[in-house]
Amino acid sequence: MNQTPVRVRFAPSPTGPLHIGGVRTALYNYLFARQHGGKMIFRIEDTDSTRFVPGAEEYIIESFKWLGIKFDEGVGIGGDFGPYRQSERRDIYKQYVDQLLDSGSAYLAFDTPDELNAKRAEVPNFQYDASTRMQMRNSLTLSKNEVQALLDAGEQYVVRFKIEPGREVHVRDLIRGDVVVNSSVLDDKVLYKSADQLPTYHLANIVDDHLMQVSHVIRGEEWLPSAPLHVLLYEAFGWQDTMPAFAHLPLLLKPDGKGKLSKRDGDKLGFPVFPLEWHDPQSGAVSSGYRESGYLPEAVINFLALLGWNPGTEQELFTLEQLTELFDLSRCSKSGARFDFMKGWWFNREYLLQKTDQQLAPDFVKLLEAHGLSVEPDRAAQVIGMMKQKVVEYTDGQSGQTKKRNISFISDLWPLCDFFFIAPKDFDLEDKFIRKNWKETTAQEMTQLAEQLNKVADFSAEGMKAAIDPWVEQTGLRPWNAWRICLVGKGQGPDMYELAAFLGKEETLNRMRHAIDTLK
Ligand code: GLU
C-alpha cells in the first residue's frame with residue numbers, strides 16, 4: 001500500500017446514549033490519528049430513521065467535549081468532505097446503488113414481509129442467499145417487463161447485494177491478522193430501501209469511508225461479522241486498492257468476565273455505562289453517567305485506554321499526551337477486556353490525589369451546598385486535606401455486604417465529614433464506641449480538658465499539642481476517645497488537634513460542654 005495520510009472516523013448512530021465501549025472506540029481512534037499526524041472525522045450514521053432518538057447526537061457531542069477528545073472534521077465542525085450526517089447525503093448514495101445494479105453486483109427484491117415470513121416458516125434457518133434467491137420474487141427471477149411493471153405500479157423494493165458463494169474473503173485486521181471467511185455463510189444483505197429512499201448502514205458506511213478517504217477503520221468487535229461483506233462491497237465498487245485497514249477492538253466484558261458488558265451490570269453493581277447522565281426521552285428513565293457520578297475525565301480516559309490495550313510495562317497512569325505517544329494498535333488484545341469498575345475507582349482516586357485541596361474545594365463546596373451548608377472554599381479545602389486519606393463504606397452490589405474502600409470521589413466526603421460543619425446533638429447510647437469510651441469519670445475528665453484548652457492562647461494544632469500533650473503525660477489521663485465523642489459524636493474523624501483547630505476554641509468548648517451535659 002502506498003503512504004496515504006491517516007484518516008480515521010468515529011461514526012456513531014444516534015440511537016441512544018453513547019455506550020462506554022463507544023467512548024473507548026473513539027479514544028483509540030483519537031490516539032491513533034494524533035500519533036500519526038492524521039485526522040479524525042466525526043460522522044453521524046442516521047440512515048435508520050426507525051431507530052433515531054432525539055437528543056442522542058447532542059449527547060454524543062457533549063460527551064466528547066467533557067472528555068477532551070477533539071475531532072478534526074465532521075458534524076458540528078465542518079470540513080472538505082461534508083456533509084457528515086448521512087441523512088443529508090441521500091443523493092450521494094443513489095448513484096452508488098445504481099452502479100452496483102448496473103454491474104450486476106446487486107438486484108431488486110420485491111418480497112413482501114408476509115412472503116419472507118412464509119419462506120422462513122418453510123425453510124429451516126432460511127437465509128436470503130445464493131441457495132434461496134432463485135425461489136424469491138426479485139429481478140433475478142422476474143422478467144424485465146415484470147420488474148418494470150412492479151416499479152411502475154409503485155411497489156416497494158429493496159436492493160440486495162448479490163454474494164457469490166464459495167469464495168474466501170480476507171479481512172486484513174491490524175489486531176487479529178488475516179481473518180478468512182467463506183462467502184457462502186453470508187447473506188444477500190439489503191443495501192437500500194425504496195420505502196425511505198435511504199441506503200442501509202452497510203452501503204452508506206462503505207461509500208462514506210471511501211469518499212471521506214478513510215485509511216483505517218477502528219471499531220468494536222461487534223462489527224467484525226460485517227467486515228467480510230464490507231470487503232466484498234469495496235471489491236464490487238472497484239475500490240479494493242484504497243480499502244481501509246481494519247482493526248476490530250476487543251469486546252468489553254462484564255466485571256466477572258462472563259459475557260458482554262451491559263447496562264444491567266452497571267445498574268446491579270453500581271457503576272455507570274454511559275459517559276454522561278442520560279434522560280431517556282421516551283420513558284423518562286435516568287441512567288447514571290461518569291461525569292455526574294464524580295469521575296474526572298482524565299481518570300475515565302486513562303481507565304478506558306487500558307481496557308484492551310497495554311503498554312507492555314507496569315505503568316498504569318498516563319496523560320492523554322503520553323497515551324498518544326505510546327498507543328499501539330498491535331498491542332491491543334484480541335480477547336475481551338474485563339470491565340473492572342473498581343479499577344475505575346482506583347484511577348479516579350489517583351487523579352483526585354493529584355489535585356491540590358484547593359482545586360478540589362469547589363466541588364466539595366457544591367456538595368455541601370446540596371446539603372444546605374454554605375462553606376468557604378478555604379474551609380472546604382482544609383477538610384479535604386484532613387479526610388482524603390480515609391476510607392468509606394459502600395454496599396457491594398454482588399453480595400449486598402458493606403465493604404470499605406479508599407475515598408475515590410468528592411461525594412464520598414459526605415456524610416463522612418458532616419461533623420465538621422454540624423455539631424453532634426444527640427448521642428447514640430447503643431454505639432459501641434460511645435459505650436466503651438464514656439465512663440462514669442469521663443464527664444469530669446472532659447471538664448478538666450476543657451479548662452486546659454480554654455487556657456491555650458495559640459489554638460492551632462501545634463499550639464494545642466505543645467500545651468496539652470505535657471498535661472496528658474502529667475495527669476496520666478487518656479482523653480482522646482472521649483474528646484472525639486464530644487467533637488464528632490462517634491468514633492471517626494481526623495487528628496483531634498487538627499479538628500479542634502478547624503472548629504476554633506469557642507465551637508470546641510461548646511461541643512464539649514454539650515456532650516458533658518448530655519452524657520454526664
Ligand atoms: N454506525 C456504526 C455504529 O453505530 C458504525 C460502525 C463502524 O464504525 O463501522 O457503531
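From a predicted model like this one, the values you see are computed outputs, not experimental measurements.

Draft legend 1. The overall build of the protein, seen in detail. Helix and strand counts for the protein come out as 20 helices and 17 strands. Its C-alpha atoms give the protein a radius of gyration of 32 Å, clearly above 24 Å, the size a compact globule of 520 residues would have. For the protein, the C-alpha atoms occupy an extent of roughly 110 × 50 × 35 Å along the three principal directions. Within the protein, buried positions represent 49% of all 520 residues. Within the protein, counting contacts between residues at least 6 apart in sequence, those at least 24 apart form 71% of the total. Carbon and sulfur atoms form 48% of the exposed surface of the protein, whose accessible area is close to 25400 Å². Side-chain charges of the protein comprise 60 positive and 73 negative groups, with the mean position of each set lying 3 Å from the other.

Draft legend 2. Main features of the environment of Val-97. Note that Val-97 resides in helix H3 (residues 90–102). Between the C-alpha atoms of Val-97 and Asn-138, which are 41 residues apart in sequence, the distance is 16 Å.

Draft legend 3. Structural context of the sheet that holds strand S5 (residues 158–161). With antiparallel pairing, four strands are arranged side by side in an open sheet as S4-S5-S8-S9. Edge positions in the sheet fall to strand S4 (106–109) and strand S9 (198–199), since each of these pairs with one other strand and no more. As defined by bridge partners, S5 adjoins strand S8 (residues 190–193) across three bridges and the pair is classed as antiparallel. Among the inter-strand pairings, Val-159 is bridged to a residue of S8, identified as Tyr-192.

Draft legend 4. Seen up close, the pattern of salt bridges. Overall, the coordinates contain 30 salt bridges when judged by the stated rule. Here Arg-291 makes a salt bridge to Glu-62, at a shortest N to O gap of 2.9 Å. Residue Arg-291 is found in the loop between strand S14 (286–287) and helix H9 (297–305), and its partner Glu-62 is found in helix H2 (residues 56–67); the two are separated by 229 residues along the sequence. Lys-254 serves as the salt-bridge partner of Asp-265, at 3.1 Å between the closest nitrogen and oxygen. In this pair, Asp-265 sits in helix H8 (residues 263–269) while Lys-254 sits in the loop between strand S12 (252–253) and H8, placing the two residues eleven residues apart along the sequence.

Draft legend 5. Fine view of the environment of Gly-177. Among the secondary structure elements, Gly-177 is positioned in strand S7 (residues 177–182). When the C-alpha atoms of Gly-177 and Asp-328 are compared, they prove to be 15 Å apart, with 151 residues separating the residues in sequence. Sequence-distant contacts of Gly-177, defined by excluding residues within four places in its chain, comprise Val-171 and Arg-172.

Draft legend 6. Inspection of a negative patch on the surface at higher detail. Side chains of Asp-458, Glu-462, Asp-495 and Glu-498 sit close together on the surface and give a patch of like negative charge. Residue position: Asp-495 is located in the loop between helix H18 (480–488) and helix H19 (496–503).

Draft legend 7. Summary view of the pairing of strand S6 (residues 168–173). Only one face of S6 is covered, namely the face carrying Val-169, Val-171 and Asp-173; the face carrying Glu-168, His-170 and Arg-172 is uncovered. Where S6 lies against S7, six bridges are found, and the strand directions are antiparallel. Its bridge partner lying in S7, Arg-172 is registered against Asp-178. Hairpin connection, S6 to S7: the antiparallel pair is bridged by three residues.

Draft legend 8. Region of interest: the site of the ligand. Around the ligand, the surrounding shell consists of Arg-9, Ala-11, Pro-12, Ser-13, Glu-45, Tyr-201, Asn-205, Arg-219 and Trp-223. Taking Arg-9, its side chain carries an N or O atom lying 2.7 Å from an oxygen atom of the ligand. At 2.8 Å from an oxygen atom of the ligand is found a side-chain nitrogen or oxygen belonging to Arg-219. Contact with the protein chains hides 84% of the accessible area of the ligand, taken as 300 Å² for the molecule alone.

Draft legend 9. Layout of the packing of aromatic side chains. Overall, the coordinates contain 31 aromatic pairs when judged by the stated rule. For the ring pair Phe-420 and Phe-421, a centre distance of 6.2 Å and an interplane angle of 50 degrees mean the geometry is tilted. Above the ring of Phe-347, the side-chain terminus of Lys-343 is found at 5.8 Å from the ring centroid. Of note, Arg-379 hangs over the ring of Phe-502, and the distance from its end group to the ring centre comes to 3.7 Å.

Draft legend 10. How the structure looks around the nonpolar core. Counting 160 residues, the largest nonpolar core has Phe-339, Phe-364, Trp-438, Trp-483, Leu-487 and Met-512 as the members making the most contacts within it. It is helix H1 (residues 20–35) that contributes the most residues to this core, nine residues altogether.

Draft legend 11. Spotlight on unusual backbone geometry. In the segment running from Gly-82 into Pro-83, the intervening peptide bond is cis, with an omega of -5 degrees. Mapped onto the fold, Pro-83 is located in the loop between strand S3 (73–74) and H3. Between Trp-414 and the following residue, Pro-415, the backbone shows a cis peptide bond with an omega angle of 10 degrees. Relative to the helices and strands, Pro-415 resides in helix H14 (residues 413–416). Notably, Asn-125 is not glycine yet its phi reads approximately 50 degrees, a positive angle.

Draft legend 12. How the structure looks around the side chain of Arg-484. Of note, Arg-484 is situated in helix H18. Although Arg-484 lies buried, it forms no salt bridge, and the closest oppositely charged side chain, Asp-495, sits 6.4 Å away as judged by the N-O distance. From its side chain, Arg-484 meets the backbone oxygen of Gly-493 in a polar contact 3.3 Å long. If near-sequence neighbours (up to four positions away) are discounted, Arg-484 is found in contact with Phe-433, Gly-489, Lys-490, Gly-491, Gln-492, Gly-493, Pro-494 and Met-496.

Draft legend 13. Molecular detail of the packing of H1 against H9. Running from amino to carboxyl end, H1 crosses H9 at an angle of 85 degrees, the nearest separation of the two axes being 10 Å. Relative to H9, the element H1 lies roughly perpendicular. Residue-level inspection shows Ile-20, Val-23, Arg-24, Leu-27 and Tyr-28 of H1 in contact with H9, the latter providing Val-300, Ile-301, Leu-304 and Ala-305. Its residues placed into classes, the contact of H1 with H9 shows eight nonpolar, no polar and one charged.

Draft legend 14. The arrangement of the pairing of strand S17 (residues 402–406) in detail. Pairing analysis gives five bridges linking strand S16 (residues 391–395) to S17, with the strands arranged antiparallel. Each residue of the ladder has a partner; that of Tyr-394, found in S17, is Lys-403. In textbook terms, the turn of a hairpin is the stretch between consecutive antiparallel strands, and for S16 and S17 this stretch comprises six residues, one of which, Gly-400, has a positive phi near 80 degrees.

Draft legend 15. Examining helix H20 (residues 505–519) more closely. The end-to-end C-alpha distance of H20, which contains 15 residues, comes to 21 Å, matching closely the 21 Å that a straight helix rising 1.5 Å per residue would cover. Buried within H20 we find Thr-508, Leu-509, Arg-511, Met-512, Ala-515, Ile-516 and Leu-519. Summarising the axial view, the buried residues of H20 lie within an arc of 160 degrees, below the 170-degree limit, and thus occupy one face. On its buried face, H20 is in contact with helix H15 (432–437), helix H16 (442–455), H18 and H19. Downstream of H20 by a residue or two, Lys-520 has a phi angle that is positive, lying close to 35 degrees.

Definitions and cut-offs
- Residues numbered from 1 in each chain as written.
- Predicted model: local features only at pLDDT ≥ 70, side-chain atom pairs only at ≥ 80, totals over all residues.
- Heavy atoms only, no water.
- Helix = DSSP H or I, 4+ residues; strand = E, 2+ residues; numbered from the N terminus.
- Rg over C-alpha atoms; globule rule 2.2 N^0.38 Å.
- Buried < 20%, exposed > 50% of the residue type's maximum accessible area, 1.4 Å probe, protein only.
- Contact = heavy atoms within 4.5 Å.
- Areas by Shrake-Rupley, 256 points an atom, 1.4 Å probe, with all protein chains shown as cover.
- Lys, Arg positive; Asp, Glu negative; His and termini not counted.
- Charge placed at Lys NZ, Arg CZ, Asp CG, Glu CD.
- Pairing = 2+ DSSP bridges.
- Salt bridge = Lys/Arg side-chain N within 4 Å of Asp/Glu carboxyl O.
- Patch = residues over 30% accessible without salt bridge, like charges linked within 9 Å, V, L, I, M, F, W, Y side chains within 5 Å.
- Near = heavy atom within 4 Å.
- Polar contact = N/O pair within 3.5 Å; in protein donor to acceptor, adjacent residues only side chain to side chain.
- Phe/Tyr/Trp six-rings, centres within 6.5 Å; stacked < 30°, edge-to-face > 60°.
- Lys NZ or Arg CZ within 6 Å of the ring centre and 35° of its normal.
- Core = buried A, V, L, I, M, F, W, Y, C linked by side-chain atoms within 4.5 Å.
- Axes fitted to C-alpha atoms, helices over the stretch in contact; angles between N-to-C directions.
- Parallel < 35°, antiparallel > 145°, perpendicular 65-115°, else oblique.
- Nonpolar A, V, L, I, M, F, W, Y, C, P; charged D, E, K, R; others polar.
- Expected span 1.5 Å × (residues − 1).
- Arc of directions from axis to C-beta.

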